[in-house]
Amino acid sequence: MTLNVYLSGEIHTDWREQIIDGAAGLDLAFDSPVTDHAASDDCGVAILGAEADKYWHDHKGAMVNAIRTRKGIADADVVVVRFGDQYKQWNAAFDAGYAAALGKSLIILHGPDHAHALKEVDAAALAVAQEPRQVVEILRYVLTGALPG
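Residues numbered from 1 in each chain as written. Predicted model: local features only at pLDDT ≥ 70, side-chain atom pairs only at ≥ 80, totals over all residues. Heavy atoms only, no water.

Chemist: In this structure, what is going on with the packing of helix α1 (residues 15-22) against helix α6 (residues 132-144)? I would like to understand it.
Modeler: Helix-helix packing is characterised by the crossing angle of the two axes and by the distance between the axes. Look at α1 against α6: their axes get within 9 Å of each other, and the N-to-C directions meet at 35 degrees. Every pair of crossing elements has a handedness; the one defined by α1 and α6 is right-handed. The segment α1 lies against α6, with Trp-15, Gln-18, Ile-19 and Gly-22 engaging Pro-132, Val-135, Val-136, Leu-139 and Arg-140. For the contact of α1 with α6, a count of residues per class yields six nonpolar, two polar and one charged. (Axes fitted to C-alpha atoms, helices over the stretch in contact; angles between N-to-C directions. Helix = DSSP H or I, 4+ residues; strand = E, 2+ residues; numbered from the N terminus. Left-handed = near helix turned anticlockwise from the far one by under 90°. Contact = heavy atoms within 4.5 Å. Nonpolar A, V, L, I, M, F, W, Y, C, P; charged D, E, K, R; others polar.)

Chemist: What is the right way to look at the pairing of strand β4 (residues 105-109) in this model?
Modeler: Strand residues, when the strand is regular, have side chains that alternate between the two faces of the sheet. Of all five residues in β4, four are buried; the element is thus mostly enclosed. Tracing the backbone out of strand β3 (residues 78-82), into helix α4 (residues 90-101) and back to the parallel element β4 gives a crossover that is right-handed. Pairing of β4 with strand β5 (residues 127-129) involves three bridges; the strand directions are parallel. Bridge assignment links Ile-107 to a residue of β5, and that residue is Ala-127. Regarding the hand of the β-α-β motif, the stretch spanning β4, helix α5 (residues 119-124) and β5 is right-handed. (Buried < 20%, exposed > 50% of the residue type's maximum accessible area, 1.4 Å probe, protein only. Right-handed = clockwise from strand over helix to strand, strands pointing away. Pairing = 2+ DSSP bridges.)

Chemist: Would you explain the nonpolar core in this entry?
Modeler: The nonpolar side chains of soluble globular proteins are, as a tendency, buried together. With 17 residues, the main nonpolar core has Val-5, Ile-19, Leu-28, Val-78, Val-80, Val-135 and Leu-139 as its most contacted residues. For this core, the secondary structure elements donating two or more residues are β1 (3-9), α1, β3, β4, β5 and α6. Beyond its immediate stretch of four places on either side in the chain, Val-5 contacts Leu-28, Ala-29, Phe-30, Asp-31, Val-78, Val-80 and Leu-139. In this structure, Ala-76, Ala-92, Ile-108 and Ala-125 belong to the second largest nonpolar core, which totals 14 residues. (Core = buried A, V, L, I, M, F, W, Y, C linked by side-chain atoms within 4.5 Å.)

Chemist: Would you mind showing me how to read the packing of helix α3 (residues 54-75) against α4 here?
Modeler: Between α3 and α4, whose axes approach to 10 Å, the crossing angle comes to 40 degrees. One element, α3, and the other, α4, form an angle in the oblique class. α3 and α4 meet at a crossing whose hand is right-handed. On α4, the residues touching Thr-69, Arg-70 and Ile-73 of α3 are Asp-95, Tyr-98 and Ala-99. (Parallel < 35°, antiparallel > 145°, perpendicular 65-115°, else oblique.)

Chemist: Just to check I follow, could you spell out the pattern of salt bridges for this structure?
Modeler: Once their charged atoms are close, side chains differing in charge can pair, the charge on each being opposite to the other. For the structure shown, the criterion picks out seven salt bridges. Put simply, Asp-31 and Arg-68 hold a salt bridge, and the shortest N to O gap is 3.6 Å. A residue pair is termed long-range when its members are at least 10 positions apart, and Asp-31 in strand β2 (residues 28-31) and Arg-68 in helix α3 qualify at 37 residues. Taking relative accessible area as the criterion, Asp-31 reaches 34% and is therefore assigned partly exposed. Note on Arg-68: relative accessible area 39%, which makes it partly exposed. For Lys-119, the salt bridge goes to Glu-120, with nearest N and O atoms at 3.8 Å. On the accessibility criterion, Glu-120 (53% relative accessible area) is exposed. (Salt bridge = Lys/Arg side-chain N within 4 Å of Asp/Glu carboxyl O.)

Chemist: Can you walk me through the environment of Asp-53 in this structure?
Modeler: Tracing the backbone through its elements, the reader meets Asp-53 in the loop between α2 (37-48) and α3. Side-chain polar atoms of Asp-53 contact the backbone nitrogen of Tyr-55, separated by 2.7 Å. (Polar contact = N/O pair within 3.5 Å; in protein donor to acceptor, adjacent residues only side chain to side chain.)

Printed below as a string of structure tokens:
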């Protein structure tokens, strides 16, 4: 059974690589948003034309990026959403809500400092992990039934 896993959220650390590397050999296919921050921010104006107003600059980029995000979440069996420590990731919260509304199996990944702020998001998830290795162990268990160790 191949699982399609969409890795959403924070783009400033290597958590995606930790999961992908840790899951090597498992029957998983991974997808994610564009994680090049500059490309993600500027895709709309680079493709559709410049905007003098920063609001419309950002709006164009958000709309173009939403094409990929919606497709990735819709095609996923499991959606992992990472909330990092540094930024207010409203887009990650939106992706988690979108995935939950579609009935996707949702794994939330964040440190203990965000537990209170994300309690509603966590309540919609099937698992809440604090480390990428825990996500790998969840995926391994789902696919093989094997417990860690």
